[in-house]
Amino acid sequence: MPITIYEACKKRKRTPNIFSLSHFAATETAMDFGGSFRDNIRDFLKRCSEQEDYSVGSNPVWCTLLVSESNGVVFPLYTVEDTVKNLSSGQPPCDLCRFVGWGHHFVSKRNYHFIIPEDSKWNKPLKKESLKLQTHLLHGVIHCNGFGHLLCVRTESNSNYLHGEELMNLWGHLCASLLTRDISVHDLSKKGSMDLRLLYGVAYGRSWFGKWGYKLSRGSFGITKQDYNRALEIVGSIDLSKIISDSAIKSQGKSIEQIIQIYRNISESELTTISELLKFMLAFESKPLIQRKTALALATISSKYSTEPNQQPETPLPRHSSNTASLASVLAAMQTRWSARRLEHVVKVIFEILEDYGAKMLREELRNAIRGKADIGDTGLIDFVLKHINKVILGNQIIVRANEPQSKLLAFSLEDASEVAKSEREVELDSDIPTLLPGLNVCKDLLLLYKKVLLGYSEYDAVSMAVRIILDSKHFVKKSDTNDSSSSSSSSSSLRLMYQVRPSYDELVNELTRPLPPGEQVVVPENATVGEFKLMLQNALRDTYWLMDEFVVKDIEIDELKVWVRGHGMNLDTKLRYQGGDNDWTIDCKCRAKDDDGERMVACDVCHVWQHTRCNSIKDDHVPPPLFLCRICTNRINKTKTSK
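Source: prediction; values computed, not measured.

J.: Please explain unusual backbone geometry as it appears in this structure.
T.: Comment: phi is negative for the bulk of residues other than glycine, and the bulk of peptide bonds are trans. Here the phi dihedral of Leu 179 falls at roughly 60°; this positive angle occurs in a residue that is not glycine. Summarising the element assignment, Leu 179 is placed in the loop between helix H4 (164-178) and strand S8 (183-186). Even without glycine at this site, His 608 takes up a positive phi of about 65°. By the secondary structure assignment, His 608 is in the loop between strand S23 (601-603) and strand S24 (610-612).

Rendered as structure tokens:
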């Protein structure tokens, strides 16, 4: 249920401010945040938010109430100030910083989470697990140095009140107003079962996030920006006549030809390439249904393509029965030497363990937890149940078994029954069986072209290899204009400057072996003395980084590009040094990758060099061998054996 203005005011101690989505972007009403992000966020929380009467894992929570101009609904934007705690040795404070190439940044003292929960949770307090959920309408985290990550955004209209573009506009306005630095996104967004980075990449020559200025930062598996741009050109330039010819001998080739022909007839301009076709289809999909029907009717009359006059494309899609099953039906279907009573007992224990643990566990963790139960000692029984149980309903919850996206390890989780049913209905819509006249259900037409054309070429075809490059390009970054070396702030009496710490020779050689992180921002009055300037820089560094907690500025040097700072007191013994962690793993894969890109890797047991499992023909759903040798070490050992 949405929050009404009345409810929003009633639950607050004082009448809250309610801001429109465009408030932070409109020049005449924009909030005047003129400092660096670390100062602006505090000002934002003071002026635009109200602190909640609870905390999330000892971290304070603020709420900003916003109103959608499209429908008038009031919704919350929660801000959680997460103070970085001590970490175990080698644990990276921020995986995403490491994956996007910011692993050399110093660890920030605070992270700010911006969260818009699902509609049904707008009136409920956040929980500790809220900082890790991927089900929010919007979730971004920004380190106090201004660099951040867009963790998730609902690109499809799963909300009853807010859509993806509206959420992205809000995020963009917020980042611009708070003067953030670079913001990354790990693009795994989808339209049904279609990856948007491929669909929009071919259609527009950019990802879905490209509309808001996000550009490829780095690809996985050694892919460069040049590789990515070339791949977009190759796939986007495929001629439609070639697609029709190539599809003639394939299944559903006739359907592909009909789809191409009907959209060519509808379009007022000539469509010759797959890029032009997909771009037109995406624009056509956004039109009201009555306009699509009218355009289809006119195209049908004026073209050779026609249907029987009584054949109405209003037939509902076929419904498939749910894949979920009750516990009783699952037990009845099991042919086993164990009694139904023992099987039922193990399943109920699994439910209890998942509920106590937090609703999700890896298979090995769950197996060990079940073995810990005194009344279940038969490991064969446990393994049998774990192998066969999936989508089993008990009450209003369902046990779901699936591979983890990152590690690919098997995991079990408890899901809400209504959410699983909703997901299954979406899967039904992903069926590529053409049931409607092309043009009425644009999403299904897109899906057929996506599966049979974009993904339909043989593995070693140039198009197939280009598609793989596009799909392997996931890390996008929006660079901020505030990264300029110097610029005027909103106040005519102050300056925005970039400054950077210049370590000593010994620190560079022995301790700070990674590239220096980018400079920092500071806004100083034009009439500030040298002493005041030094103190401002010192306080800013201490306020931002754990490494600089006791840093003392001794000298400053100003050139045309930036301010160089010298001093002493860097805490080089802290484990909170680099965002990418302290481990200097050596990565050298045959795909040319030299850095951790977030893809699954395995280390050679001889040389300890890390490589991608995919590049070593280890399937994602397979566990790496207990003893793994890279190609170089394998060849070296074989040569040694041969020479003896």
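J.: Is there a simple way to explain helix H17 (residues 462-471) in this structure?
T.: Because each turn of an α-helix spans 3.6 residues, side chains separated by three or four positions end up pointing in the same direction. Those residues of H17 not exposed but buried are Val 463, Ser 464, Ala 466, Val 467, Ile 470 and Leu 471. In a view along the axis of H17, the buried residues occupy a sector of 160°, so they form one face of it. Sitting at the amino-terminal end of H17 is Asp 461, which places a side-chain oxygen 2.8 Å from the backbone nitrogen of Val 463.

J.: What is the right way to look at the pairing of strand S16 (residues 410-416) in this model?
T.: Pairing between strand S13 (residues 360-362) and S16: three bridges, direction antiparallel. In the strand pairing of S16, Met 361 is matched with Phe 412. Pairing between strand S15 (residues 397-403) and S16: seven bridges, direction antiparallel. Note on S16: the bridge partner recorded for Ile 399 is Leu 414.

J.: Is there a simple way to explain the packing of aromatic side chains in this structure?
T.: The geometry of two aromatic rings is summed up by the distance between their centres and the angle between their planes. One pass over the full model with this rule turns up 16 aromatic pairs. Between the aromatic rings of Tyr 263 and Phe 284, the centroid separation amounts to 6.0 Å while the plane-to-plane angle is 85°, which identifies the pairing as edge-to-face. With Tyr 263 in helix H8 (residues 253-266) and Phe 284 in helix H9 (residues 274-285), this pair connects stretches of sequence that are 21 residues apart. Phe 284 matches Tyr 263 in its accessibility class, with the two residues each being buried. Sitting over the face of the ring of Trp 546, Lys 109 holds its NZ or CZ atom 5.4 Å from the ring centroid. When the ring centre of Phe 221 is taken as origin, the NZ or CZ atom of Arg 614, which lies over that ring, is 3.7 Å away.

Parameters at a glance
- Residue positions are given per chain, counted from 1 along the sequence in the order it is written.
- Since the coordinates come from a predicted model, pLDDT governs what is reported: local features require at least 70, and pairs of side-chain atoms require 80 or more to be given and counted, while whole-chain, interface and lining totals use all residues.
- The side-chain values count all of the structure's non-hydrogen atoms but skip hydrogen atoms and water molecules.
- Labels follow the DSSP assignment, with helices taken as runs of H or I lasting at least four residues and strands as runs of E lasting at least two, numbered in each case from the N terminus.
- Relative accessible area decides the class of each residue, using a 1.4 Å probe on protein chains only: under 20% of the type maximum gives buried, over 50% gives exposed, and in between gives partly exposed.
- To obtain the arc, one takes the directions from the helix axis to the C-beta atoms.
- By the criterion applied in these results, polar contacts are pairs of N or O atoms within 3.5 Å in which, for protein atoms, one can donate a hydrogen and the other can accept it, and in which residues neighboring in sequence qualify only through two side-chain atoms.
- For two strands to count as paired, DSSP must find a minimum of two bridges between them.
- Here the aromatic set is Phe, Tyr and Trp, taking the six-membered ring for Trp, and pairing holds for ring centres within 6.5 Å; pairs whose planes are under 30 degrees apart are stacked, those over 60 apart are edge-to-face, and all others are tilted.
- Geometrically, a charge over a ring is one whose NZ (Lys) or CZ (Arg) sits within 6 Å of the ring centre while staying within 35 degrees of the ring normal.

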